[in-house]
Each structure stands twice: as structure tokens, then as C-alpha cells.
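Residue strings, one per chain:
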Amino acid sequence: MKERILIVDDDPGLRESLELVLAAEGHPVIGAENASAALEVLQQAPVDLVLCDLRMPGMSGMELLPELVRRLPAATVIMMSAYGSADLAIEAMKRGAYDYITKPFAPSEVLLTIRKARERERLRRSNQLLRREVQRGERPIVAASEGMIRVLEVVERAAEFKATVLLTGESGTGKEVLARAIHAQSGRREEAFVAINCGAIPETLLESELFGHSRGAFTGADRARRGLFVEADGGTLFLDEVGELAPSLQVKLLRVLQEEEVRPLGESKSFQVDVRVIAATARDLEVEVAEGRFREDLFYRLNVVRVPVPPLRERREDVPVLVDHLVARARQTLGKPIRDVADDALTRLLAYSWPGNVRELENVIERAVILAEGDRITLRDLPENVVSPQVRPGTLGAGDLSLRRARKALEADLIERALRATGGNRTHAARLLEISHRALLYKIKEYGVRS
């Protein structure tokens, strides 16, 4: 996403020319002719960057600067003036400006200043997040891509509030790591973080796991159980794969979220709980709602702060920093003196599509560290499917006009997408594809689809 920019200048010609230049770069731009107009704009919506003239009728830019810094603590402010001097620049930066440019200036100068500010801010935010994790001793989250840094920013802002967070994205993208980061940055960090995979436990047992039961509530219940909501009281409950919940459990979960009270199986009274809920799913819940498999009211309860986590193939800038981090971690845990990764091996890691996302990369690096003979990971230490990705049967080459092979290629692609969307759950993938489970198993084997 491009920065939303506010231009504050009493020269309409300059405002118009800057708006044209910045809009051409994809920035949403708002103009204000003076300080009062700028403050009115900020009452409507925040901005990411401000270009502000130093001398204007009424309140000057230097007088406006502290108010901009107060209202927009995360924004970048760049001052502009035809009366440039070192003293003015120093004073502006003391008051919170990032930079100072002298009129007249070329459009390229403004764009370069904005790019420098963006890079500085990206590094600052990334370092701040990493430093915070190191200080708490938590497992760090490393990122270099704009998309993932924005995810971390949303996570950081959401952490201090009790609002429910819904993490969406493919299996292996690190949704539980983000959930733990939210808890660790919240005021509940000293209390319990309780996690459960809703798709890994049968429905009959999951109800008891979540809400608890009294002694004798069902056959085999020889003692009372508190349930995970009670165990997480005061802390955070992470519901992984929440899209797998059965309709009956969706109703009960909705009640807990609405009333903040839990009634164990076999009990006649409810108990108040104070739990922050974070949910995650690889499914498209909006599609599930439209097709009647997921309650709309529960979806809205969960979807208060939505955080889409991009797959690794869409944030390749993260691969080198993740590789460095994972090598360092494996070096420590496995006790092998691996220094780094050879350039040709890193090139292969960057080119690979990573259908298993960060989890797959983690396994590949651990394997490579174990197999490495020297002090660096080389091509021969990487799995064959990473070094030489096989062309899937049915994939079309240039000029191939076969309808039969095109059909196979399309089916294989749709099967892979359905498996990713369901976190590898073949039963649910078959339902999405509208074929039988047996037919799906046959096609997975026929096309060599990795599931």
C-alpha cells in the first residue's frame, strides 16, 4: 500500500503539481491551503506522510509541526520552504520533522526524500519489533517485506485491546506464532496462553475440551474438567482452524463470545470468564458463510480485527532473512558450526514456490544443517524438489494445445488450491471441489499432487 499524503501549502500551483507527481506514483493525495484546513482534514482521516510549507498565512508550518507530531505520532513530516537555512532545518527536525527540502525543487527530489523516509521507517519498525521480541525472550518474527511488516504493525496495534483477532492464510504461514506475539505484547502476557486445533479433535470431545464438563456428564466422565476457556481465564485462547467447528459448537462459541460466560456439560449454571480470543483459519470463512457451513453471526464476532497472513511465495524478500534466522537457530539447537548458505543454494531457495510456506522452509533448513559437511549449506544439502522442481504431470508447455492435458493441468491446479485452502484436509478439499473423497485421492495420485 502506498502512503496517504497530505500537502499543506498556500501556493495552489505547487499543490497541484505535487498532487500530479505523487498521484502518478500511486499515492492517495489530499491538499490543504493552510494549517486550519490541514487540521480539518486530519479530523476526517489520518495520513502517513505530510509535506508542509514553512511559511503560510495564519499559523506557520513551524507552529503546525508540533500539532502534526502529536496527532500523527507514526507519520513522517517533511517541511518545505523557499527560505532555506541550516538553522531552520535543525529547528524543524528538533520539533519532530523527518527532513527539510528547499524550494524550488525537482519532482525527483521529493520522490527520493519520500523513498528514503519510507526505507527509514520500514527499518525502524522492523528493528523495533525484533528488539521487543528479544527483550521478552520470545521467539522472534523476522520480516523484510512490506506486506509482512504491515502484518506485524497491525498485530502490535491490536495486541493491547481485548478485541477478537482473526488470522487468515494458508497452512504454515505462522499464524500461531503471530497469535503468541499478540499475547506476548498484550497486558495479559503474564497469564496463560492456551492453544487448541479445532480440526484435530472429534466434535464429541472438542465440546468438553473447550467448555469443560461435570462428573458423570457422559459415559467415561469420572471426574469434572474445567475446560480451556476457564484455563485461559485472564489470558488468551487461540482457536486454530476455527473453520472446522461443527454447527452445534459454533452456537456455543458464539454464546461464550457474547455473554463472556461458560456452562460446562452437565452443569446447571454458567461461570464468568475473561478471555481474549484469537482465531485462525486456512478457509475462506466468507465463502463458508455464503454456503451455509459457518454461522454469519459468529463470523462477525470473530472478524473484529482481521489479519490476512500472506504466503511465503508472495513475500520472497523475507526468504533471505528467514534463512539467516533459521540457520542461526539450527546451528544453536543442533550444535553444528554452519556459517551461512552458498549463493547458488540461496538462489534455489528464492526461486522455489514454498507450498508449505515458512513451516516447509524451516524443515528444509533443519535438514540441510544436519546434512551439511562443511561450514555452509550447499546445493547438495537441499532436497531434490527444491533444487530441481519437477514439472507436474499435465502441466502444459508452450504451444501445447492438447485439451486432455489442459484438463489435467487445470484439475491438478484446482486440487492444489483446494488443499492449500483447507490446510491439507482432503475431506474438506473434496467438498470444495464438489467431488467424492475417493475421486480426490485417485486424482492426487494420478497427477502427483503434493498434499
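For the structure, see preceding data.
Each value, and the rule that gives it
Residues numbered from 1 in each chain as written. Predicted model: local features only at pLDDT ≥ 70, side-chain atom pairs only at ≥ 80, totals over all residues. Heavy atoms only, no water. Pairing = 2+ DSSP bridges. Helix = DSSP H or I, 4+ residues; strand = E, 2+ residues; numbered from the N terminus. Axes fitted to C-alpha atoms, helices over the stretch in contact; angles between N-to-C directions. Salt bridge = Lys/Arg side-chain N within 4 Å of Asp/Glu carboxyl O. Buried < 20%, exposed > 50% of the residue type's maximum accessible area, 1.4 Å probe, protein only. Parallel < 35°, antiparallel > 145°, perpendicular 65-115°, else oblique. Contact = heavy atoms within 4.5 Å. Nonpolar A, V, L, I, M, F, W, Y, C, P; charged D, E, K, R; others polar. Phe/Tyr/Trp six-rings, centres within 6.5 Å; stacked < 30°, edge-to-face > 60°.

> I tried to follow the sheet that holds strand β7 (residues 193-197) on my own but got confused; where do I start?
The strands that make up a sheet pair up through hydrogen bonds in the backbone, lying either parallel or antiparallel. The five strands are arranged β7-β8-β11-β6-β12 in an open sheet whose pairing can be described as parallel. The open sheet is flanked by β7 and β12 (305-308), the only strands paired with a single partner. Direction aside, neighbouring strands of the sheet carry axes that sit 15° apart on average. Here four bridges tie strand β8 (residues 236-240) to strand β11 (residues 276-281), and the two strands are oriented parallel to one another. When the bridges of β11 are listed, Phe238 appears paired with Ile278.

> Explain the pattern of salt bridges to me, please; I cannot follow it from the model alone.
Any two side chains of opposite charge can pair, given that their charged atoms come close. Tallying each qualifying case throughout the model produces 28 salt bridges. Across the salt bridge formed by Glu176 and Arg180, the nearest N and O atoms sit 3.0 Å from each other. One end of the pair is Glu176 and the other is Arg180, both in helix α7 (residues 175-184) and four residues apart, which spans about a single turn. Here Glu176 falls in the partly exposed class, since its relative accessible area comes to 31%. Look at Arg180 and you get partly exposed, because its relative accessible area is 40%. The salt bridge partner of Arg417 is Asp413, with a shortest N-O separation of 3.5 Å. Separated by four residues within a single helix, Arg417 and Asp413 lie in helix α17 (residues 403-421), roughly one turn from each other. In this structure Asp413 comes out as partly exposed when scored by relative accessible area, which is 28%. Members of the salt-bridge network, linked through shared partners, are Glu244, Arg283, Glu288, Glu291 and Arg293.

> What exactly am I supposed to notice about the packing of helix α18 (residues 426-433) against helix α19 (residues 437-447) here?
A packed helix pair is summarised by two numbers, namely the angle formed by the two axes and the spacing between the axes. Where α18 meets α19, the closest approach of the two axes is 9 Å, and the angle between their N-to-C directions is 100°. The orientation of α18 relative to α19 falls into the category roughly perpendicular. In this structure, α18 contributes Arg426, Thr427, Ala429, Ala430 and Leu433 to the contact, and α19 contributes His437, Leu440, Leu441 and Ile444. Classifying every residue of the contact of α18 with α19 gives six nonpolar, two polar and one charged.

> Sorry, what's going on with the environment of Ala92 here?
Following the sequence through the fold, Ala92 ends up in helix α4 (residues 86-94). Judged by its relative accessible area of 0%, Ala92 falls in the buried class. Between the alpha carbons of Ala92 and Val77 there is a distance of 9.6 Å; along the sequence they are 15 residues apart.

> Got a minute to help me understand the packing of aromatic side chains in this structure?
Think of a pair of aromatic rings as described by two things: how far the centres are apart, and how the planes are tilted against each other in angle. Throughout the structure, instances matching the rule amount to four aromatic pairs. Both rings, one in Phe193 and one in Phe238, keep their centres 6.2 Å apart while their planes meet at 25°; by these two values the pair is stacked. Taken as a pair, Phe193 in strand β7 and Phe238 in strand β8 lie far apart in primary sequence, 45 residues in all. This pair shows no difference in class: Phe193 is buried, exactly as Phe238 is. Ring centres of Phe211 and Phe229 lie 5.9 Å apart, and the angle between their planes is 10°; this geometry places the pair in the stacked category. Pair noted here: Phe211 is in helix α8 (residues 203-211) and Phe229 is in helix α9 (residues 228-231), with a separation of 18 residues, a long-range link. The exposure classification of Phe211 matches that of Phe229, with both residues buried.

Read these as spatial facts, not as claims about activity.
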